[in-house]
Amino acid sequence: MHNVVISGTGLYTPANSISNDELVASFNAYVQQFNADNADAIARGEVEALSESSSGFIEKASGIKSRFVIDKEGILDPLRMVPRIPERSNEDWGILCEMAVGAAKEALQRAGKTVADIDGVIVACSNLQRAYPAVAIEVQAALGIQGWGYDMNVACSSATFGIQAATTAIQTGQARAILMVNPEICTGHLNFRDRDSHFIFGDAATAVIIERADLATSKYQFDVVGTKLLTQFSNNIRNNFGFLNRAAEEGVGARDKLFVQEGRKVFKDVCPMVAELIAAHLAENQLNVSDVKRFWLHQANLNMNLLIARKLLGRDAEAHEAPVILDTYANTSSAGSVIALHKHQDDLPAGSLGVLSSFGAGYSIGSVILRKR
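On a predicted model such as this, the values are computed, not experimentally measured, just so you know. (Residues numbered from 1 in each chain as written. Predicted model: local features only at pLDDT ≥ 70, side-chain atom pairs only at ≥ 80, totals over all residues. Heavy atoms only, no water.)

Draft legend 1. Focus on the pairing of strand S5 (residues 148-152). Alignment of strand S4 (residues 120-124) against S5, held across five bridges, turns out to be parallel. For Val121, the partnering residue across the bridge sits in S5 and is Gly149. Considered for its hand, the β-α-β crossover made up of S4, helix H6 (residues 135-143) and S5 is right-handed. (Pairing = 2+ DSSP bridges. Helix = DSSP H or I, 4+ residues; strand = E, 2+ residues; numbered from the N terminus. Right-handed = clockwise from strand over helix to strand, strands pointing away.)

Structure representation (structure tokens):
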């Protein structure tokens, strides 16, 4: 069994950013027009009037101040409120592939690796743009990697599950090094006309190089001390969009064909589950919570992260102990915890212990214990 390290991380950030104020202006313009168009029906009690949003509400509910997006104009158009992403020819690299390659190149550079060193590609994300061919195989071709590739989806936990899959493959000698990428266009499945969730998501892509420790040369290495996964079925976060929609015309365009969640239920269910799983994972590895210098938690909601850290530490976490990036990136699904790792790792001294954890629909929870070399 080979020892395994994470030797490089990478990040692709779209050029466009939308502030809360910009998003609210678009949403409120839609609300005002809807209420004006339906004024008579609202007066008769046949239609419920929509309520406006505010930047203060968004920040208090989530901790989000802005988000990066693939397309800004389409989202902010009150008559559209959907990103405009033109279809590409089958002969051109797809947009998820393009994002993944951007993040992968930085991860390869930090790892000190070339594509000749990589034996496999895993694309692990919440929203794949097509059923087949696998985006991972497309990324493999775009980079010129020999070997194999496959896609996997465990919603927001896809990155930690992807790291676990890569770790097992390397431990058992199936690969020397694996590129695991998380291209997320979350705005494509977000209902920008839903006051409770129109602010949640942004777009980004992350990449991680996982490789045999004896072959690693990077100065950014982390030993993979252990991985732990958990899933438990729940309908509280769901998206029913899929290829069978065309077989049931009555559901086309329904609200559940975009992201939907029962936010309060998710908060109540998931926070204790995450804290318990991380604590158990550390104990199984003869480690104490107090040994952990940094928690790179899934960046979905600031209040969730604060509570999880408080449950683990028995006190409020200091900013450097559980860094936050969702204020500028929003929820980027599987990419969020890796963005936190990517941006908040270089200051840690050798020997520092950290936990990368993601959690989301499923429910799914992943924990990866890392020790800096």
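Draft legend 2. Spotlight on the packing of helix H8 (residues 263-284) against helix H9 (residues 302-313). Relative to each other, H8 and H9 sit at 40 degrees, their axes nearing to 9 Å. Considered as vectors, H8 and H9 are oriented oblique to each other. In terms of crossing hand, the pair formed by H8 and H9 is right-handed. Contacts between H8 and H9 involve Val266, Phe267, Val270, Cys271, Pro272, Val274, Ala275, Ile278 and Ala279 on the former and, on the latter, Asn303, Met304, Leu307, Ile308, Lys311 and Leu312. Residue classes in the contact of H8 with H9 are distributed as 13 nonpolar, one polar and one charged. (Axes fitted to C-alpha atoms, helices over the stretch in contact; angles between N-to-C directions. Parallel < 35°, antiparallel > 145°, perpendicular 65-115°, else oblique. Left-handed = near helix turned anticlockwise from the far one by under 90°. Contact = heavy atoms within 4.5 Å. Nonpolar A, V, L, I, M, F, W, Y, C, P; charged D, E, K, R; others polar.)

Draft legend 3. The UniProt feature "domain: Beta-ketoacyl-[acyl-carrier-protein] synthase III N-terminal" (unreviewed entry) in the chain, seen in detail. The feature "domain: Beta-ketoacyl-[acyl-carrier-protein] synthase III N-terminal" (unreviewed entry), as annotated in UniProt, sits at residues 150-214 in this numbering. Between the C-alpha atoms that bound residues 150-214 the distance is 25 Å, and the span itself is 22% helix and 34% strand. (UniProt positions renumbered as here; feature names shortened; annotations may be inferred.)

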